[in-house]
Every structure is written in structure tokens, then in C-alpha cells.
Amino acid sequence: GRFHYYEGYSAQQVVFPVRVMKLLGIRYLFVSNAAGGMNHTFRIGDVMVITDHINLIPNPLIGRNIEELGTRFPAMNDAYNPDLIARATEIAAREGIKLQYGCYVALTGPTFETPKEYKWVQIIGGDAVGMSTAPEVIAARHMDIPVFGVSIITDTMENATVSHEEVQANGRLAEKNMT
């Protein structure tokens, strides 16, 4: 579980567990989410390795910088660790698991996207869209924690009238491959 911005938490509260985990000594952060597929090659139940993100949720680093955690302006060019992505790719190939790869776009929610919003996300480079993950990744990279992320594709532009219950049910389709 995690905190979501759409639940009324501030961006700083959303990433608080990541900061606590860093102080407890974690060396890597693995994140996952349910996401709508914008890429026409994606199907419900696909697992997409996140290679980049576009964050449209308020940035959790806004405000006073905590120097003990990281630099004021952390680079995000390697937000998702290439070595972890390569290792996951090797494991998936060995296990016969098909992976997709792409850019995750984080919106505030809690509404699912309108048809025009889906189109816009696709135009700006998104392969998948959701309501989480990017703030936690920003906080982790601020603290120099390597990150690996995946999205379970739970709906697509073709079935844009999805419900929360359908998203949960469709997410379970990928459980075996995620495990």
C-alpha cells in the first residue's frame, strides 16, 4: 500500500514512507502500479517496465530542501536504473515472461481520464497513465536510491469506461508474472 495525492495527502506525505525506508537502510526501491495503457501494442494484463516518467503530480521536493537527504536539484535522467531494468529483462526472458517498456505519466486523479486526456497523454509521450509512483521515485532519486518500476496495464484507450473494480480485477491477471 501507499499514500496517494488524490486521497488528500500532500506530496511530502506521499513520499514519507520512502524517506523512512531510506533511513532504515534500504538499498533499492521497487515500485509498481496499475495503469491505463496508451500504447496501442499494450494489452490488459501486460507488465510494463517503466523506463521514464512524466510527473504531473506536485513535486514532493517543493519547499525547503533537506540537505541530509539529497541535493537541491537532483538529476532525473536515470530515474529508473538501467542495470535493474537489464536484470529484470534477463529474468523475464529466462522465465518466458513478456515485458513491455515505456514511459509512465502520473496524473493527480482520482478520476479516470477523459478520451481527450488519454489522447493528450499519448501525444506527450506516455505509454501508460496512472495516479502514483512518480513522486516516490523522485524522492528515492533525491536520496540516491536506485529504482526499478513496473506498471500493470489494467485498462486501455479502447476500454476507457473502466471502473475501479475492473482495474483491480485486471491487475490480478498479471499477478503471476509480477511475482
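So, how was this worked out
- Residues numbered from 1 in each chain as written.
- Predicted model: local features only at pLDDT ≥ 70, side-chain atom pairs only at ≥ 80, totals over all residues.
- Heavy atoms only, no water.
- Helix = DSSP H or I, 4+ residues; strand = E, 2+ residues; numbered from the N terminus.
- Rg over C-alpha atoms; globule rule 2.2 N^0.38 Å.
- Buried < 20%, exposed > 50% of the residue type's maximum accessible area, 1.4 Å probe, protein only.
- Contact = heavy atoms within 4.5 Å.
- Areas by Shrake-Rupley, 256 points an atom, 1.4 Å probe, with all protein chains shown as cover.
- Lys, Arg positive; Asp, Glu negative; His and termini not counted.
- Charge placed at Lys NZ, Arg CZ, Asp CG, Glu CD.
- Patch = residues over 30% accessible without salt bridge, like charges linked within 9 Å, V, L, I, M, F, W, Y side chains within 5 Å.
- Salt bridge = Lys/Arg side-chain N within 4 Å of Asp/Glu carboxyl O.
- Core = buried A, V, L, I, M, F, W, Y, C linked by side-chain atoms within 4.5 Å.
- Expected span 1.5 Å × (residues − 1).
- Polar contact = N/O pair within 3.5 Å; in protein donor to acceptor, adjacent residues only side chain to side chain.

**A word on the overall build of the chain**
Part 1 of the reasoning: Secondary structure summary: the chain contains six helices and five strands in total.
Part 2 of the reasoning: If you list the helices and strands of the chain from N to C, you get α-β-β-α-β-α-β-α-β-α-α.
Part 3 of the reasoning: In terms of C-alpha radius of gyration, the chain reaches 16 Å, essentially the compact-globule figure of 16 Å for 179 residues.
Part 4 of the reasoning: Along the first, second and third principal axes, the C-alpha set of the chain runs to 45 × 40 × 30 Å.
Part 5 of the reasoning: The buried share among the 179 residues of the chain stands at 45%.
Part 6 of the reasoning: Intrachain contacts of the chain at a sequence separation of at least 6 include 83% that bridge at least 24 residues.
Part 7 of the reasoning: Summed over its atoms, the accessible surface of the chain is roughly 9,700 Å², and 56% of this surface lies on carbon and sulfur atoms.
Part 8 of the reasoning: Taking the average location of the 15 positive side-chain charges in the chain and that of its 19 negative ones, the two points are 3 Å from each other.

**A word on a nonpolar patch on the surface**
Part 1 of the reasoning: A cluster of nonpolar side chains, Leu56, Trp120, Ile123 and Ile124, forms an exposed patch at the surface whose accessible area comes to about 380 Å².
Part 2 of the reasoning: Along the chain, the position of Ile123 falls in helix H3 (residues 115-123).

**Notes on the nonpolar core**
If you look at soluble globular proteins, the nonpolar side chains tend to sit buried side by side.
Part 1 of the reasoning: Leu29, Met48, Tyr80, Tyr104, Val147 and Phe148 are the most contacted members of the largest nonpolar core, which totals 33 residues.
Part 2 of the reasoning: Going through the elements one at a time, helix H1 (11-24), strand E1 (29-37), strand E2 (47-55), helix H2 (82-95), strand E3 (99-106), helix H4 (134-142) and strand E5 (147-156) are the ones with two or more residues in this core.
Part 3 of the reasoning: Aside from chain neighbours lying at most four places away, what touches Phe148 is Leu29, Phe30, Val31, Val49, Leu84, Ile85 and Ala88.
Part 4 of the reasoning: Formed by six residues, the second largest nonpolar core is a distinct cluster that contains Met38, Leu107, Val121 and Val129.

**Re H2**
Part 1 of the reasoning: Relative to the 20 Å expected for 14 residues at 1.5 Å per residue, H2 spans 20 Å between its end C-alpha atoms, a close match to the ideal helical length.
Part 2 of the reasoning: On its buried face, H2 is in contact with E1, E2, E3 and E5.
Part 3 of the reasoning: A distance of 2.9 Å separates the backbone nitrogen of Asp83 from a side-chain oxygen at the start of H2, and that oxygen is part of Asn81.
Part 4 of the reasoning: Of the residues flanking the end of H2, it is Gly96, one or two places downstream, whose phi is positive at about 70 degrees.

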